[in-house]
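Below are the chains, spelled out letter by letter.
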Amino acid sequence: MQHDFQFSAPLAFADIERLTSALCTLPGVRGIDLEPGGREMRVEFDEGATSTQAITAALTGAGYAEANRERSGGCCGGCCGG
């Protein structure tokens, strides 16, 4: 399974190190996709070993409580002219 998170500010290299360290300690995390200067992070994980809630708790523990604002998979309405 994968889940996307958004951050309120662009991520610096130090942020990426902290986020990666916090999430790599969780069982079942298979991959983390984020870039310096970006505001999004995608986490791939085994839902039998961990959960979105556990990932969110790890992010909060690392000082990234704003990551609780998860990006939904739905349309924002901007591309459809509606």
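Think of each chain on its own: its residues are numbered from 1, step by step along the sequence as written. Selection of residues for local features in this predicted model requires a pLDDT of at least 70, selection of side-chain atom pairs for listing and counting requires 80 or more, and totals for whole chains, interfaces and linings are taken over all residues. The side-chain numbers reported here are obtained from all heavy atoms of the structure, hydrogens and water having been left aside.

### Comments concerning the sheet that holds strand β1 (residues 2-6)
Piece 1. In space, the 3 strands of this open sheet follow the order β1-β3-β2, with antiparallel pairing throughout. Two strands bound the open sheet, and with one partner strand each, they are β1 and β2 (29-34). Here the average twist between neighbouring strands, direction ignored, is 20°.
Piece 2. At least two DSSP bridges between two strands are required for those strands to pair. Only runs of H or I of at least four residues qualify as helices and only runs of E of at least two qualify as strands under DSSP, and these elements are numbered from the N terminus. Both β1 and strand β3 (residues 40-45) contribute to a ladder of 5 bridges, which runs antiparallel. Pairing of Phe-5 across the sheet is with Met-41, part of β3. For helices, the fitted line uses only the C-alpha atoms of the stretch in contact; every axis is such a line through C-alpha atoms, and the angle between N-to-C directions lies from 0 to 180 degrees.

### Points about the environment of Ala-22
Piece 1. With respect to the helices, strands and loops of the structure, Ala-22 is situated in helix α1 (residues 13-24).
Piece 2. Think of it in three bands: with a 1.4 Å probe and only protein chains considered, a residue is buried below 20% of the maximum accessible area for its type, exposed above 50%, and partly exposed in between. Judged by relative accessible area, which is 15%, Ala-22 ranks as buried.
Piece 3. Sequence separation between Ala-22 and Ala-57 is 35 residues; the distance between their C-alpha atoms is 9.8 Å.
Piece 4. Setting aside residues up to four positions removed in sequence, Ala-22 forms contacts with Ala-58 and Ala-62. Any pair of residues with heavy atoms lying within 4.5 Å of one another is described as a contacting pair.

### A word on the packing of aromatic side chains
Piece 1. A pair of Phe, Tyr and Trp rings is counted when the ring centres sit within 6.5 Å of each other, with Trp represented by its six-membered ring. The angle between the planes then sorts it: under 30 degrees is stacked, over 60 is edge-to-face, the rest tilted. Applying the stated criterion to the full structure yields 1 aromatic pair.
Piece 2. Ring centres of Phe-7 and Tyr-64 lie 6.1 Å apart, and the angle between their planes is 85°; on these two criteria the pair is classed as edge-to-face. One end of the pair, Phe-7, is in the loop between β1 and α1; the other, Tyr-64, is in the segment after α2 (52-61), with 57 residues separating them in the sequence.
Piece 3. A relative accessible area of 5% means that Phe-7 is categorised as buried.
Piece 4. Exposure remark for Tyr-64: the relative accessible area of 5% places this residue in the buried category.

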